[in-house]
Amino acid sequence: MFKHFFAWMLASSLVLSVHAQNGYDLWLNYYPVQATAQKEYSNLLSSIQLDDTNPTQRIILREFEIAVRKMLNQSIVQQSNASIQLKKEGHSSLANLPAEGYILSHHYHKKKPVVTIYANDDAGLLYGSFRLLKELQTGGYRSQEKDIIDYPSIQYRVLNHWDNLDRSVERGYAGISLWNWHTLPDIIEPRYIDYARANASIGINTVALTNVNANALVLTPQYLEKVKALADALRPYNIRVVLTARFSAPIEIGGLKTADPLEPAVQDWWKKKTAEIYEYVPDFAGYLVKANSEGQPGPQDYQRTHADGANLLAAAVAPFNGIVMWRAFVYSNETPEDRFKQAYNEFKPLDGSFAENVLVQVKNGPIDFQPREPFHPLFGAMPKTPLMMEFQLTQEYLGMATHAAYLAPMYKEVLEMPTYRPDANATVARIVTGEQDKHTLSAIAGVANIGNDVNWTGHPLSQANWYAYGRLAWNPQLSSEEIIEEWIDQTYLLSQEATDILAGLLLNSREVLFKYMTPLGLHHIMGWSHHFGPAPWIDNMHRADWTSVYYHKADSTGIGFDRTASGSNALAQYAQEIQQLYGDKNTIDENFLLWFHRVNWEFKLKNGKTVWENLCFRYEEGVQEMQQLLNDFLSIQNEFGKEEGKHIEQLLRLQLKEAQWWRDACLAYFQSKNQRPWPSGFTPPPHNVDYYKEIQAKLKFVPGI
Ligand code: GCW
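Predicted model only: the values in this text are computed from it and were never measured.

Draft legend 1. Just the sheet that holds strand β11 (residues 323-327), in detail. The eight strands lie next to each other as β7-β8-β9-β10-β11-β12-β13-β14, forming a closed barrel whose pairing is parallel. The mean inter-strand angle of the sheet, taken between neighbouring strand axes irrespective of direction, is 25°. Pairing of strand β10 (residues 286-289) with β11 involves four bridges; the strand directions are parallel. If you follow L288 over to β11, its bridge partner there is M325. Here helix α9 (residues 306-317) sits on the sheet in contact with β10, β11 and β12 (358-363), set at roughly 160° to β11.

Encoded structure:
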């Protein structure tokens, strides 16, 4: 980007010594402006005109104050005819501007720059303000002749916190929960506010506070008071709160004998409970529900359908314009069917039977947040139901918080896929935005990677995933490249060269991880239950669908899950075009090979080498490329603060070590199955498979369970 706006050379010695970077400020660092831009910025940011009786506009004022102090070491005053103006009228495009959208209009008044931020609502003013501050920080600001007009493509842009009331975080690797339930409602920690600022700056407007593996207690008055305190703190940042509803709550906290959704007493209970919640939180967004999955209660406990369950809650929130986000992540070990197919089988027949304020929340892929999954076949298959996307930011299956993996390319890979239902235009993104099937309700969720670690995400580079998720939720068309540049520009003070190197490193990182963990489309071969580290040998757990062998099926003859017509035929859940794309083992994108095909070890891939040779060399490549990512970082490390640079270096070294572990353990295991010679020129793992099994067996106390 336009690095010349920053005094990076000057400031890297000056600022960083004062400003020891610990990552807490995320992408809201507001680094000092370079001397050449100082005058223009100084004029522009000298005064602001807004309505400070309005809570959101007060927040905007505060944000400008912080930014101006940090960027220019000056203050911004409130006055009329100011250089920054916030307005809800006076621009011809306002009439057609969607909710939360904004217009930035630049002009000169008496030779001084003026920017007017127009919007129809306070949310738009808030987002427009953050946009202007971003443009200023990243050097994108010009006294533009053309207005910038922007608005979100998706209505509910949600973070799902899998946070428990005891502050543990399921699949959380960045400390304990942000929410200090013990001291709420009395103490509003500054963190809550900084969290809200960060979300507002990227357009996240909805937060599910609690784990989908829900605890009914959060619906009791004692906790609702706490929820109210959080909702009140988040509201001015245009953030609404969602609670996870435990389906059996009427029994657990309501004293009823049943939670049957068709039982009038149950319906009545939810109506009253919901009305009570709205007394505490008048803009409560609604419920998020995981039902009849992994041991959670649900409507099927009463031989009712998911639609019956969702509609029960939908009726309760409808009078308040609330919504229900009902998850499609369902599968059962008792069902004698490929896990891949189960959610589709369950939900597709229900298309058209959900109430109009229900969204079905579908994970990006059919199994569970693997390093690479084909898109979920439900996308495109339920045109009468608004489907929302669920991505996972926290890296449950991607090395947790010790592996750098920039996930925008993974999100984009899925969003850009055409479902061919009915045609190539019908991408997953267009289904999620509602454009494809003309739904007015649209939503997207990201399972948060945030905890109370000082840098929020454990791995400093994982902040980029929070950032990227928010940006893509706002506009799925943005590219991974532009997002990472924006993020780097606001997060670090680097030269253009170092920015490019860091961007390149991050843009490659997920592909590298895929190679050293699950090349050729292997999946779900991580450690038992905690999902840390390699464990392709898991074969004896009480649920077949939680073992690794279920997914890779390696034996002496071959490897892979046949999901074509000769196997489980999961492929049939997709449109013809996708069936063709993935259906032929000779033409399939090899990154998906073992997702859909069982091949014998001698099967030749496009490079003329066997699948066994390819497996070996791809694992090896993953390690080599990881080494390269580390080297890239080492070449720019001196541009980071000392401690932060060291921290990232150590993490990348650890990642390299674990990449090697993945390579060696997986290949030792697969070789023990196929007994093939190691390809020539390949360095075999130093130990046999038992050694690696032993490492896994001794792993205790892995975080995030
Ligand atoms: O991947 C699995 C996780 C569970 C999680 C579940 C889900 C919250 O291992 O920890 O439960 O997905 O998405 O419901």
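Draft legend 2. Just the nonpolar core, in detail. W270, W466 and F670 are the most contacted members of the largest nonpolar core, which totals 236 residues. Ranked by the residues each element gives to this core, the list is headed by helix α20 (residues 642-674), at twelve residues. Those residues in contact with F670 that lie beyond four places of it in its chain are L522, P536, H552, A554, I559, W601, W612, L615 and Y619.

Draft legend 3. Region of interest: the domain arrangement of the protein chain. Each assigned domain of the protein chain is listed here: domain 1 (10-150), domain 2 (156-491) and domain 3 (514-561 + 598-697). In this structure, domain 1 and domain 3 have C-alpha centres spaced 47 Å apart.

Draft legend 4. Region of the structure containing the packing of helix α5 (residues 190-202) against helix α13 (residues 463-474). One can describe the packing of α5 onto α13 by two numbers: an axis separation of 8 Å at closest approach and a directional angle of 45°. On the basis of the axis angle, α5 is oblique to α13. Only W466, Y467, G470, R471 and W474 of α13 make contact with α5, whose side of the interface consists of Y195, A198, N199 and I202.

Draft legend 5. A look at the site of the ligand. Taken together, 15 residues lie around the ligand, and E170, K290, R327, D368 and E396 are the ones closest in. Within the side chain of N213, one N or O atom sits 3.2 Å away from an oxygen atom of the ligand. Contact between the ligand and Y397: an oxygen atom at 3.4 Å from a side-chain N or O atom of the residue. Within the complex, 97% of the 340 Å² of free accessible area of the ligand lies under protein. Counted by class, the shell around the ligand contains four nonpolar, three polar and eight charged residues.

Draft legend 6. Seen up close, unusual backbone geometry. Note that the residue after L184, namely P185, is joined by a cis bond; omega there is 5°. Secondary-structure assignment places P185 in the loop between β7 (156-160) and α5. Residue P422 is bonded to the preceding R421 through a cis peptide linkage, with omega at 10°. Its place among the elements puts P422 in the loop between α11 (408-415) and α12 (428-433). Within the chain, K111 stands out as a residue other than glycine whose phi angle is a positive 65°. Among the residues examined, K111 registers a relative accessible area of 80% and is labelled exposed. Positive phi outside glycine occurs at F369, with the angle close to 50°. Structurally, F369 is set in the loop between β12 and β13 (387-392). Owing to a relative accessible area of 2%, F369 belongs among the buried residues under this scheme.

Draft legend 7. Looking closely at the sheet that holds strand β2 (residues 77-78). Strand order in this open sheet of six strands is β2-β1-β3-β5-β4-β6, and the pairing throughout is mixed. Of all the strands in the sheet, just β2 and β6 (148-150) have a single pairing partner and so form its edges. Sheet analysis places strand β1 (residues 47-49) next to β2, joined by two bridges and oriented parallel. Residue S47 lies in a different strand from β2, and its bridge partner there is V77. With respect to the sheet, helix α2 (residues 35-44) is in contact with β1, β3 (84-87), β4 (102-109) and β5 (112-118), its orientation differing from that of β5 by roughly 50°.

Draft legend 8. Highlighting the side chain of S509. Position of S509 relative to the elements: it lies in helix α15 (residues 496-517). Beyond its immediate chain neighbours, meaning those up to four positions away, S509 contacts A404, A405, Y406 and L629.

Basis of the calculations
- Residues numbered from 1 in each chain as written.
- Predicted model: local features only at pLDDT ≥ 70, side-chain atom pairs only at ≥ 80, totals over all residues.
- Heavy atoms only, no water.
- Pairing = 2+ DSSP bridges.
- Helix = DSSP H or I, 4+ residues; strand = E, 2+ residues; numbered from the N terminus.
- Axes fitted to C-alpha atoms, helices over the stretch in contact; angles between N-to-C directions.
- Contact = heavy atoms within 4.5 Å.
- Core = buried A, V, L, I, M, F, W, Y, C linked by side-chain atoms within 4.5 Å.
- Buried < 20%, exposed > 50% of the residue type's maximum accessible area, 1.4 Å probe, protein only.
- Domains from an automatic or database assignment.
- Parallel < 35°, antiparallel > 145°, perpendicular 65-115°, else oblique.
- Near = heavy atom within 4 Å.
- Polar contact = N/O pair within 3.5 Å; in protein donor to acceptor, adjacent residues only side chain to side chain.
- Areas by Shrake-Rupley, 256 points an atom, 1.4 Å probe, with all protein chains shown as cover.
- Nonpolar A, V, L, I, M, F, W, Y, C, P; charged D, E, K, R; others polar.

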